[in-house]
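# Remarks on the overall topology
As a plain string of letters, each chain reads:
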Amino acid sequence: MTMDIKPIDPVSRASFAGEVSGIDLTRRLSDAEVAAIHAGMDRFGVLVFHDQHLTDDQQLAFSRQLGPLETATGDIAAPEERRLSMDVNDISNLDKHGKVVARDDRRRLFGLGNLLWHSDSSFKDVPAKYSLLSARQIPAAGGNTEFADMRAAYEALDEAAKREVHDLVCLHSQIYSRGMLGFEEFTEAERQKWAPVRQRLVRRHPTTGRLSLYLASHAGAIEGWPVPEARAFLRDLTEHATQRQFVYAHVWKPFDLVMWDNRVTMHRARRYDPAEVRDMRRTTLTNEVSSLEQAP
């Protein structure tokens, strides 16, 4: 097989999603294939691989060929409640016994934060680089994932807005994003674990040099600004960045693997019937350094 990447929608402004063919992610990749995937990520920001019947071990092996992984410390489940290893994020509505969790289960309510626009692990000092999400079982309808191109969103700002956002530093925390949904039942240990971290609002991609907005529902403050003004401003930026011309909506098929660059995209899950199973497994590559060390 010869690997190929083509735009999913080449005529749309949301042409930042590429469809990859001619590759089997269950086997060890060649150096050339790994380099081609990195180049594809630099070009597109989102890559879609169909019909990849991965086990967790195979997904981990593929992910580790691309770079170092972060551990799954962003969810609210206690270690003894987890059904997967700490190397795999459990993006599902299942408990450790494989049963659908109750609608009012604390873990499910916390997980509803995934319905908000966000960038994975922006609430960590060193945030995420790539996320790789494998669809093991999907509901009959709904549950799509939408992606927004933050490079195109930045480039569409007028010059005055670009100057205003250029040097701003935001504070990110899951306490902020869950608070938007009315979820505020955190233990003191969880509040300490997710204490706000500083992230640049504008980032420069280390390979392409393109500037992008670095937004997320986790961003709840801007250094030096009154909080109400900061949140109104961040909401306006998010509305700008998620206009339809900047968005690709992925309709999942079983055993799709979708990979995205958190440095240049935001994403959100869409609603589905909570009584149906949605079993997704995410591995996450850590970024090399803090966004604060990547001066635009």
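Here is a short report on the structure shown in this document. (Residues numbered from 1 in each chain as written. Predicted model: local features only at pLDDT ≥ 70, side-chain atom pairs only at ≥ 80, totals over all residues. Heavy atoms only, no water.)

### A look at the nonpolar core
Convention followed: Side-chain atoms within 4.5 Å link the members of a nonpolar core, which is a set of buried Ala, Val, Leu, Ile, Met, Phe, Trp, Tyr and Cys residues. Only protein chains enter the accessibility calculation, which uses a 1.4 Å probe; a residue is then buried when its area is under 20% of its type maximum, exposed when over 50%, and partly exposed in between. Helix numbering and strand numbering both begin at the N terminus, where a helix is a DSSP run of H or I of at least 4 residues and a strand a DSSP run of E of at least 2. Contact criterion: two residues are considered in contact whenever any of their non-hydrogen atoms come within 4.5 Å of each other.
The biggest cluster of nonpolar side chains holds 26 residues, and the ones touching the most others in it are Val-165, Leu-201, Leu-213 and Leu-215. Every element with two or more residues in this core is listed here: helix 4 (150-155), helix 5 (159-165), strand 10 (211-213), strand 11 (219-222) and helix 8 (227-241). Here this core takes five residues from helix 8, the largest share from any one element. Contact partners of Leu-215, with chain neighbours within four places excluded, come to Ser-119, Met-150, Leu-201, Leu-234, Leu-237, Thr-238, Ala-241 and Met-266.

### Side note on helix 1 (residues 31-43)
For the record, the criterion: An expected span of 1.5 Å times one less than the residue number is assigned to each helix.
Here helix 1 is 13 residues long and its end C-alpha atoms lie 18 Å apart, about the 18 Å a rise of 1.5 Å per residue gives. Restricting attention to buried positions, one finds in helix 1 the residues Glu-33, Val-34, Ile-37, His-38, Gly-40, Met-41 and Asp-42. On its buried face, helix 1 sits against strand 1 (4-7), strand 3 (46-49), helix 2 (56-66), strand 5 (128-137), helix 4 and strand 13 (257-261). The positive-phi residue at the C-terminal boundary of helix 1 is Gly-45, with phi of around 105°.

### Description of helix 8
An α-helix turns once every 3.6 residues. As a result, residues three or four positions apart point the same way. Selection criterion: Working definition: the arc comes from the directions between the helix axis and the C-beta atoms, pointing outward to the latter.
The end-to-end C-alpha distance of helix 8, which contains 15 residues, comes to 21 Å, matching closely the 21 Å that a straight helix rising 1.5 Å per residue would cover. Within the span of helix 8, buried status applies to Ala-230, Phe-233, Leu-234, Leu-237, Thr-238, His-240 and Ala-241. Within helix 8, the buried residues cover an arc of 155° as seen down the axis, which keeps them to one side. Summarising the geometry of helix 8, the exposed residues directed more than 90 degrees from the buried face are Pro-228, Arg-235 and Glu-239. Turning to helix 8, the residues buried within the fold contact strand 6 (145-149), helix 4, helix 5, strand 7 (169-172), strand 11 and strand 14 (265-269).

### Observations regarding the pairing of strand 13
What counts here: When DSSP finds two or more bridges between two strands, those strands count as paired.
Strand 13 sits mainly inside the fold: five of its five residues count as buried. Residues Leu-257, Met-259 and Asp-261 line one face of strand 13 and the alternating positions Val-258 and Trp-260 line the opposite face, and both faces are buried. With five bridges connecting them, strand 5 and strand 13 associate as antiparallel partners. Of the residues in strand 13, the one forming a bridge with Tyr-130 is Asp-261.

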